[in-house]
Each structure stands twice: as structure tokens, then as C-alpha cells.
Protein chains: 2
Amino acid sequence: MEPYKRYTIKEISDMFSLPSSTLRYYEEQELLPPVARTKQGQRIYSQEHLDRLHAIECFKNTGLSLSKIRGFFEYEKDMETNIDNLIEIVTQHEQSVTVQLAEMERNLAHIHQKVLYYNAIKEAYKKHAPFPCFHDFAPVSVT
Amino acid sequence: MEPYKRYTIKEISDMFSLPSSTLRYYEEQELLPPVARTKQGQRIYSQEHLDRLHAIECFKNTGLSLSKIRGFFEYEKDMETNIDNLIEIVTQHEQSVTVQLAEMERNLAHIHQKVLYYNAIKEAYKKHAPFPCFHDFAPVSVT
DNA sequence: ATAACACTTCAAGTATACTTGAAGTCAAGC
DNA sequence: GCTTGACTTCAAGTATACTTGAAGTGTTAT
């Protein structure tokens, strides 16, 4: 166990595949906890920044704007006062992501249908056969 | 069967929950097939526009930019020439969406973990009990 | 006939999330 | 000692995807 591991901006940038400029931008936008500095002024990140960045990526990739993410972290600063708001936000967002997941599955099915369709079109060209119809590749509907 | 159903911009707007301005914008961006007009100049949409808008929404919501979507539809205009490109695009995008789906599932798990965590925090406040640790709510890792 | 409503065009404006560029500081290597 | 490289600040610029506003046209309701 290394309890006090420190990271440079480059290390963080590589870990999260985010440009250094974006890390500075997030800091300026108060999405990150205060960042320590070497005596030459270079940023030093620690475990809490890793955790925070994981949360940011999670929220961002599930459709929350940076300003809502900032709002969430601001509530977190005084948990006792804001615990009900925090619970409401995460519960609602869980619901939203559940819906997004279902939509993503439907979108994947649609795209898969296109894969099958264009491959069949290609076969038809090769064989000089008549064209298939896109809707023939729809998943069987259970009615 | 109603083979030639026509739709006004308002009907389409309601069906897809897209403002009329966005439909005009998509048309200007050449994402839609040519749109017919009444003799007063009002737009008339048909089934092919519905199909196209479904495809646009699917692609857009799975991370394709409007300019890539436009590129896709441009290839579609001459299928015989571009069938291999079309197959490559949809096959690659299917792969990308599969990855996104897996990420979305991890994100949902992370958010669910937060729901459990904040609820436990609230319980701790009520009982004046010690605080739980976020990582205690992590899904069991199979190592 | 007059008002309300739904549409039209076209140019300009906006929101979000970065990204870039200029100018400067510092430590290490030749 | 001088260059290279990695960092720093700060202001300004950019990409994407719309959105808004002004001005006009034509059908419908009172």
C-alpha cells in the first residue's frame, strides 16, 4: 500500500486520456478539489483527484453537463445539509441512465439490422439478384 | 394500409420531439431527402422522412456527428459504388456502440453504488452512527 | 375586415466544452 | 552557458448543434 501517491498532470492526462488543458479547465471550473503545487508551481494530484475524475467521467458520459456535475460536488461539500438533494440527484440520474441503456440497446439492434441489410445488398449485387428490403431484417416483433 | 401518408412539420416535430427549427436545420444540412411543399410553400414530409429521422436519431444518440451522418447518407445515394464503405461504417459503428453499452453498464453500476452510499450516509446521520465508506458499496469484484 | 395562427426565409446569436497561442519559468543534459 | 522539454498563466479562438428574431405570407375564426 502506498498511502500518499502523487501524480503529475501528465500522468493524470495519460490515465484518463484527457489533455492537460482539459484538466486545467476542469480545475478552473471548480470540478476538482484544490490542487497542490510543487514550489515551482507545477500541479500535484492525489487519490482524491483520481476518484473525482472517475466520477466526472461517469457523469459526463451519462449525459450530465459540467455545470450539473459542479452542482453535485457543491452539495457534497456539506453533506449533512444536502443529503436529501444528493439522494434525489443520484436516484433520478440512475433512472435516467437506465432509460438511456434501454435506448442504447434498441439503437444497437437498429445498427445491427443495418449491418445485415448492407451485407445482403452486397450479396444481391454479386448475384445480380433482386434487392432485399430493410424491414425484412427487423428483429421479430412479439405482438 | 395508407400508402401515401403526408405529414406537416408540426406532426413530425411532435413525433420526434424535435423543434420545427431543428427539422429545417437538418434539411438545410442535407440530412433529409428533398422535402415537398404545398403550393403555399409549407413542408410536406412522408414515410422516407420518418425512416431517415429514425436513422438520424439512432446515429446521433450513439455518438455520430451530424457531418458523419451526412457522409453516411451521401454514400447511400450511390450504394453500388459505396457498398463496401457503408458496410465498414455500420460494422465499425456497431462495434463502437457495443463498447459504449458496456461502459454505460459500468456507469450505471457506479451510480447505483452512489445511491446506496448516500442512503447509508443518511441512515448514519439519523442514528448518529459512524459514516460508511464509499468503497464498501462497490460491486463484488471477481478476481 | 381584422385578428390569430401556422407556417415561411435568412441572418445572427447562443450554449457547451474545450483548445490554442503567446509569453514566461524552471531543471536537466550537452 | 545554452538549449530542450515540460510545465505555467491568461486571453482569445473554435467546433458542434442548434436557437432566436425580424419580417413576410397565407388560411381560419369571429
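Residues numbered from 1 in each chain as written. Chains lettered and ligands numbered in written order. Predicted model: local features only at pLDDT ≥ 70, side-chain atom pairs only at ≥ 80, totals over all residues.

(A) Quick peek at the overall build of chain A. Per the secondary structure count, chain A includes five helices and two strands. A globule of 143 residues ought to have a C-alpha radius of gyration of about 15 Å, yet chain A, at 24 Å, is considerably larger. Contacts spanning at least 24 positions in sequence make up 39% of the contacts within chain A whose residues lie at least 6 apart. (Helix = DSSP H or I, 4+ residues; strand = E, 2+ residues; numbered from the N terminus. Rg over C-alpha atoms; globule rule 2.2 N^0.38 Å. Contact = placed C-beta atoms within 7 Å.)

(B) Molecular detail of the protein's contact with DNA strand C. S21(A), S65(A), L66(A), K10(B) and R43(B) are the nearest of the 17 residues found near DNA strand C. Looking at the surface near DNA strand C, the elements that each hand over two or more residues are α2 (20–28) and α4 (66–77) of chain A together with α1 (9–16) and α2 (20–28) of chain B. Here the surface near DNA strand C gets three residues from one element, more than from any other, and that element is α2(A). Here the residues of the surface near DNA strand C sort into four nonpolar, nine polar and four charged. (Near = placed C-beta within 6 Å. Nonpolar A, V, L, I, M, F, W, Y, C, P; charged D, E, K, R; others polar.)

(C) Highlighting the protein's contact with DNA strand D. DNA strand D sits among 17 residues. The nearest are K10(A), R43(A), S21(B), S65(B) and L66(B). Within the residue set of the surface near DNA strand D, elements represented by two or more residues are α1 (9–16) and α2 of chain A together with α2 and α4 (66–77) of chain B. Here the surface near DNA strand D gets three residues from one element, more than from any other, and that element is α2(B). Among the residues making up the surface near DNA strand D, the classes are represented as four nonpolar, nine polar and four charged.

(D) View of unusual backbone geometry. Of note, the phi angle at E30(A) is positive, near 60°, even though the residue is not glycine. Counting through the fold element by element, E30(A) comes out in the loop between α2 and β1 (36–37). Of note, H128(B) is a non-glycine position whose phi angle comes to about 55°, a positive value. Note on placement: H128(B) falls in the segment after α5 (79–127).

(E) The domain arrangement of chain A, seen in detail. Looking at the assigned domains, one finds that chain A contains domain 1 (1–77) and domain 2 (90–143). Just the C-alpha atoms count here: the centres of domain 1 of chain A and domain 2 of chain A sit 38 Å apart. (Domains from an automatic or database assignment.)

(F) Region of interest: the relation of the copies chain B and chain A. Between chain B and chain A, which share one sequence, the superposing operator has a rotation angle of 180° and an axial displacement of 0.0 Å; the RMSD is 0.0 Å. Overall, the copies show the geometry of a two-fold rotation axis. Considering only C-alpha atoms, the part of chain B nearest the rotation axis is L101(B), at 3.5 Å. Take the interface residues of chain B: 100% of them recur as interface residues in chain A, which is what a same-surface contact looks like. (Least-squares fit on C-alpha atoms with pLDDT ≥ 70 in both.)

(G) Here's a closer look at the environment of T98(B). Turning to its location among the elements, T98(B) is positioned in helix α5. It is 14 Å that separates the C-alpha atoms of T98(B) and L64(B), two residues lying 34 residues apart in sequence.

(H) Fine view of the packing of α4(B) against α5(B). All names here are of chain B. Here α4 crosses α5 at 145°, and the two axes come no closer than 7 Å. In contact with F72, Y75 and E76 of α4, α5 contributes M79, N82, N85, L86 and I89. Here the residues of the contact of α4 with α5 sort into five nonpolar, two polar and one charged. (Axes fitted to C-alpha atoms, helices over the stretch in contact; angles between N-to-C directions.)

(I) Layout of the interface of chain B and chain A. Listed by partner, the interface residues are 31 residues for chain B and 31 residues for chain A. Top contributing element to the side of chain B that touches chain A by residue count: α5(B), with 28 residues. For the side of chain B that touches chain A, the class distribution of residues is 15 nonpolar, 10 polar and six charged.

(J) Up close: the nonpolar core. Membership of the largest hydrophobic core comes to 33 residues, with the highest contact counts inside it found for Y26(A), L86(A), V90(A), Y26(B), V90(B) and Y118(B). Of all the secondary structure elements, the ones that give two or more residues to this core are α2, α3 (47–60) and α5 (79–127) of chain A together with α2, α3 (47–60) and α5 of chain B. Take this core: its biggest share by element is nine residues, from α5(A). Non-local contacts of L86(A), meaning those with residues more than four positions away in its chain, are made with Y75(A), E76(A), M79(A) and Y118(B). (Core = buried A, V, L, I, M, F, W, Y, C linked by C-beta atoms within 7 Å. Buried ≥ 20, exposed ≤ 12 C-beta atoms within 10 Å, placed from the backbone.)

(K) Fine view of α5(A). All names here are of chain A. The end-to-end C-alpha separation of α5 is 67 Å, in line with the 72 Å expected for 49 residues at 1.5 Å each. The sharpest bend along α5 comes to roughly 35°, located at N85. Looking at the residues trailing α5, positive phi occurs at H128, about 55°. (Expected span 1.5 Å × (residues − 1). Bend = angle between axes of the 7 residues up to and from the residue.)

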